[in-house]
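This is what each chain is made of:
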Amino acid sequence: MRTAAVLPRIPDTFARLENFPARLENWHDDRLGLRDVMLRWRSIVRLFVFGVTPAPDVLPGDHGFLFYTANHTLEMLRGMRPFSARELDDWVALLEARRALCERFGARYLFVIGPNKESIYADFLPPGYAPVGPTRLDQLVRAVRERTRVEFLDLRPALLAARERDGPRNYVYSEPGTHWDGRGNFVAYRSIAAALQRHFPAVVPFESFEVKRIHVNENADSWGLRMYVQDLLDPRATWVFPPPGRERAVIVDDAPAFDAVHRWKVDDPSLPKVLLFHDSFAGGLVRLLGQHCRELVFTLRPAADPELVAAERPDLVMELWVERVLDAWSPRALM
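Residues numbered from 1 in each chain as written. Predicted model: local features only at pLDDT ≥ 70, side-chain atom pairs only at ≥ 80, totals over all residues. Heavy atoms only, no water.

1. Here's the deal with the overall build of the protein chain
Assigned secondary structure in the protein chain consists of 13 helices and 11 strands. Relative to its length of 335 residues, the protein chain is compact, with a C-alpha radius of gyration of 22 Å against a globular reference of 20 Å. When the 335 residues of the protein chain are sorted by exposure, 50% land in the buried category. When contacts within the protein chain are restricted to residue pairs at least 6 apart in sequence, long-range pairs at least 24 apart make up 68% of them. By element, 55% of the accessible surface of the protein chain is carried by carbon and sulfur atoms, the whole surface being about 16,900 Å². Side-chain charges in the protein chain split into 44 positive and 45 negative, and the spacing between the mean points of these groups amounts to 1 Å. (Helix = DSSP H or I, 4+ residues; strand = E, 2+ residues; numbered from the N terminus. Rg over C-alpha atoms; globule rule 2.2 N^0.38 Å. Buried < 20%, exposed > 50% of the residue type's maximum accessible area, 1.4 Å probe, protein only. Contact = heavy atoms within 4.5 Å. Areas by Shrake-Rupley, 256 points an atom, 1.4 Å probe, with all protein chains shown as cover. Lys, Arg positive; Asp, Glu negative; His and termini not counted. Charge placed at Lys NZ, Arg CZ, Asp CG, Glu CD.)

2. Comments concerning the sheet that holds strand E11 (residues 316-322)
Within the open sheet, the seven strands sit side by side as E4-E3-E11-E9-E10-E8-E7. Their pairing is mixed. Strand pairing shows two members of the sheet lacking a second neighbour, strand E4 (151-154) and strand E7 (250-253), which therefore form its edges. Adjacent strand axes in the sheet meet at a mean angle of 20°, parallel and antiparallel pairs treated alike. Where strand E3 (residues 108-114) and E4 come together, four bridges link them in parallel fashion. Residue pairing in the sheet places leucine 110 in a bridge with glutamate 151 of E4. The sheet strands contacting helix H4 (residues 85-104) are E3, E4 and E11, and the helix crosses E3 at an angle near 140°. (Pairing = 2+ DSSP bridges. Axes fitted to C-alpha atoms, helices over the stretch in contact; angles between N-to-C directions.)

3. Brief notes about the packing of helix H7 (residues 156-163) against helix H8 (residues 182-197)
Contact pair H7 / H8: the axes reach a minimum separation of 10 Å and the direction vectors enclose 140°. Viewed along their axes, H7 and H8 adopt a mutual orientation that is oblique. Like other packed secondary-structure pairs, H7 and H8 cross with a definite hand, here right-handed. In this structure, H7 contributes Ala158, Leu159 and Ala162 to the contact, and H8 contributes Arg183, Gly184, Val187 and Ser191. Here the contact of H7 with H8 is built from residues that sort into four nonpolar, two polar and one charged. (Parallel < 35°, antiparallel > 145°, perpendicular 65-115°, else oblique. Left-handed = near helix turned anticlockwise from the far one by under 90°. Nonpolar A, V, L, I, M, F, W, Y, C, P; charged D, E, K, R; others polar.)

Here's what the structure looks like:
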């Protein structure tokens, strides 16, 4: 999923001469004749004959599901990688510090965790992944509720309830990807909007029958793209949009930089101003959520930025992250 290496120019300095062999090899590897064809057939044989993937961090499961396994997600799912007492204390301290920071600037604080795909579809994994103890998310939810005043939204119950309405090619997560599909995006949006409504009654979430759904035959979340077999996996995806005629949010700032601050506005002073720090799991729901905020400011920056909170003075600060950050992040480094 990157641009192919270019042919390096003939070196004219010792420094360029030193790097020339490696750059020439990269160019050769990327431009080798029939490279994509050979990689495709390698993927076909491994995935459809032997039931394994050429990607080291992807595990095939039932019903065409592919599971992302980096950040020790399977060990966390089984309860084999629990927080130590110190690690749990660090997470509790981090979230409590962020709540206190937000309150100093007159804002509420909401921390949201979107579960890993395998946390909702554990029964679709191959045999041998039965749980042996609580997950890190189980530990954190309990500790936060017992030891802090942080408002913590765990999306697992809502997504597990929505899963009861699953059908063939109608799941809350993308079968060949790692993110929510349209129905999962809507369920997450409804849960978050309901949490906002408790503090801001003017927020009235859309009903399922009201929203607009668009089905496309291009699933950018699919691991098939990376394995050259996108056409052999389910290519479909569903996008959910606000009800026709009720999309009120105006994009004020939409800079292209990865960590840029984006800003959408609705001309309704009864609605809250929300500052959202998020990962890629928010991509399918910000358009819906933006309809319920007089101002929705959101960014992919990897942690709540105190300077941005101070500058924006929102009514509510929300963080939305996928469950695997509980392994990938070090709270002490984020303090």
